[in-house]
Amino acid sequence: MSGDAATLSVFFAYRDSALRRAALQAPVGAAERYCLFGLDQLASRGVAVRHNLEVEPPAWASALDGAANRLLYGLGGYGGDFASVFPFLGAANRADVVLSTVDTVGIPLALLARAGLLRSPLVYVAVGLPERLERLSGEGMRRLYASALGRAYAIVSYSAYEAEALRRALGHTRVVFLPFGVDTEALRPSFGVLADTDVVSIGADPRRDYPLLLRVAARRPEISFRLVVSAEHARALGSPPANVAVEVDLPLAAALDRARKARLVCLPVRENSYSGATTTLLQAMAMAKPVVVSRTVAIASGYDLEDGVNCRLVAPGDETALERAMVELLADPEGAARLGARARETAERSLSWDRYADALLELLQEAAGARGGR
């Protein structure tokens, strides 16, 4: 296997969702395509890319999916989206390397690799894998999943903390921390755009702490808030205060427009190993927005974040600190603008899609080379 990207073929495995299929239909360069985890960037470097959402899975795949998940969960294991994996094993095995972009398809692929059905090298992106491993029941299940995950050429995490937790849990399995990226060309500052909301918060991650933000909003009726959330989050919010607007399941372009028209972006997140509202955080930074974000262990290191320099970091669950940071930024527009400008500088310097794609490509080439060596 040579080091030339033009000789490399990569099979992307995605979780099947309306969001992902809409992104695949969007034109290259559209903001929605960030959730394709570098497919466009690798293709632009000459990599031959295919994926598992090219066609709808057949009915037999859904039947096998149900059987596999019933068996795994019944034995105390953890399942996934086998229906999006089974029909494409042939295409996956013809690729130089398989990139699983999320645990929902990564776990089935790792188990199939252990069974000898997936033969191409697997690069597995973990998004909350330590929490999943903790749910396994019994030593036998833990050994099974450790063995299956050990078949991956490498496990990638977007969180330095999660990567270290996986190294401890999985022993000799190679685990790589790869900071996520943002398209700093597509997402740029929008100078001259008039703000219509003081505070905007965006995201569907189950770790978002919207109840905390609503408690702050209830004490601050003079501040306007806008929440762009999933339907599940919206149902859990109940009746928000009068100064809080809630929008549900907006397309990404519309959600980003809400952020552009905000005086600041606030992202409260409950403590966890893998999420610090990372994608929305990087998008807001690229747009030079001042951001208040929870300092979860997922983003505490590896993203060049500095409290008071390029963002405001507050402890997860610290309602008082979150409120103080927002009030201070809203009271100091010039200081907020400087914070946003430095956020943009950080995104351009350390967190761009090009940096992410180059690092990912290098890892995929190594994986394909290892296959050639065997």
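Everything below is about the structure printed above this text.
1. So, the sheet that holds strand S8 (residues 225-229)
Read across the sheet, six strands follow the order S9-S8-S7-S10-S11-S12 without closing on themselves; strand pairing throughout is parallel. The sheet is open, and its two edges are formed by strand S9 (244-248) and strand S12 (312-314), each paired on a single side. Pairwise comparison of adjacent strand axes, ignoring direction, gives a mean angle of 20° for this sheet. Relative to strand S10 (residues 262-267), strand S7 (residues 197-202) is paired through three bridges, and the arrangement is parallel. Of the residues in S10, the one forming a bridge with Val-200 is Val-265.

2. A word on the sheet that holds strand S1 (residues 9-13)
Pairing in this open sheet of six strands is parallel, and the strands run S2-S1-S3-S4-S5-S6 from one edge to the other. The strands lining the two open edges of the sheet, one partner per strand, are strand S2 (48-51) and strand S6 (175-177). Each strand axis lies, on average, 25° off the axis of its neighbour in the sheet, ignoring direction. Examined bridge by bridge, strand S4 (residues 122-126) and strand S5 (residues 154-157) share four bridges and lie parallel to one another. For Ala-126, the partnering residue across the bridge sits in S5 and is Ser-157.

3. Topic: the packing of helix H13 (residues 319-331) against helix H14 (residues 333-350)
The N-to-C vectors of H13 and H14 enclose an angle of 105°; their axes lie 5 Å apart at closest approach. Of the possible angle classes, the one that applies to H13 and H14 is roughly perpendicular. Note on element contacts: H14 touches H13 through Pro-333, Ala-336 and Leu-339, opposite Leu-329, Leu-330 and Ala-331. Along the lines of polarity and charge, the residues of the contact of H13 with H14 split into six nonpolar, no polar and no charged.

4. A look at the packing of aromatic side chains
In this structure the tally under the stated criterion is ten aromatic pairs. Ring centres of Tyr-158 and Tyr-356 lie 6.1 Å apart, and the angle between their planes is 55°; on these two criteria the pair is classed as tilted. Of this pair, Tyr-158 sits in the loop between S5 and helix H8 (160-170) while Tyr-356 sits in helix H15 (residues 353-373), and the two are 198 residues apart along the sequence. Exposure class is identical for Tyr-158 and Tyr-356. Each is buried. Grouping aromatic residues by their ring pairs yields a cluster made of Phe-37, Tyr-158, Phe-180, Trp-353 and Tyr-356.

5. Some words on the environment of Val-49
By secondary structure assignment, the location of Val-49 is in strand S2. Spatially, the C-alpha atoms of Val-49 and Gln-25 are 15 Å apart, while their sequence positions differ by 24 residues. In this view, Val-49 contacts Val-10, Phe-12, Leu-39, Leu-42 and Ala-43; residues no more than four positions away in its chain are not counted.

6. A look at the packing of helix H9 (residues 210-219) against H13
H13 packs onto H9 with a crossing angle of 60° between their chain directions and a minimal axis gap of 10 Å. Between H9 and H13, the angle falls in the class oblique. At the point where H9 passes H13, the crossing takes the right-handed sense. Contact residues: Leu-212, Leu-213, Arg-215, Val-216 and Arg-219 in H9; Glu-319, Leu-322, Glu-323 and Met-326 in H13. For the contact of H9 with H13, the per-class residue count stands at five nonpolar, no polar and four charged.

7. Observations regarding the pattern of salt bridges
It is possible for side chains bearing opposite charge to pair when their charged atoms get close. Under the criterion given, the structure shown has 26 salt bridges. Put simply, Asp-198 and Arg-263 hold a salt bridge, and the shortest N to O gap is 2.7 Å. In this pair, Asp-198 is assigned in strand S7 and Arg-263 in strand S10, connecting sequence segments 65 residues apart. In this structure Asp-198 comes out as buried when scored by relative accessible area, which is 12%. Given the relative accessible area of 43%, Arg-263 is considered partly exposed. Here Arg-226 makes a salt bridge to Glu-247, at a shortest N to O gap of 3.2 Å.

8. Examining the layout of surface pockets
Considered as a void within the structure, the largest pocket measures approximately 1,600 Å³ in volume. What lines the largest pocket is a set of 49 residues, and nearest its centre among them are Leu-19, Tyr-34, Ala-204, Asp-205 and Pro-206. At the level of secondary structure, the elements contributing two or more residues to the lining of the largest pocket comprise helix H1 (18-25), helix H6 (129-134), S8, helix H10 (231-237), helix H11 (252-260) and helix H12 (278-286). When residues of the lining of the largest pocket are assigned to their parent elements, the largest contribution, five residues, is made by H12. The residue makeup of the lining of the largest pocket, split by class, is 26 nonpolar, twelve polar and eleven charged.

Calculation criteria
Residues numbered from 1 in each chain as written. Predicted model: local features only at pLDDT ≥ 70, side-chain atom pairs only at ≥ 80, totals over all residues. Heavy atoms only, no water. Pairing = 2+ DSSP bridges. Helix = DSSP H or I, 4+ residues; strand = E, 2+ residues; numbered from the N terminus. Axes fitted to C-alpha atoms, helices over the stretch in contact; angles between N-to-C directions. Parallel < 35°, antiparallel > 145°, perpendicular 65-115°, else oblique. Contact = heavy atoms within 4.5 Å. Nonpolar A, V, L, I, M, F, W, Y, C, P; charged D, E, K, R; others polar. Phe/Tyr/Trp six-rings, centres within 6.5 Å; stacked < 30°, edge-to-face > 60°. Buried < 20%, exposed > 50% of the residue type's maximum accessible area, 1.4 Å probe, protein only. Left-handed = near helix turned anticlockwise from the far one by under 90°. Salt bridge = Lys/Arg side-chain N within 4 Å of Asp/Glu carboxyl O. 1 Å grid on protein atoms, 1.4 Å probe; cavity = no way out; pocket = protein on both sides within 12 Å on 5 of 7 lines; lining within 4 Å. Points joined across faces, edges and corners; volume = space filled by probe spheres on them.

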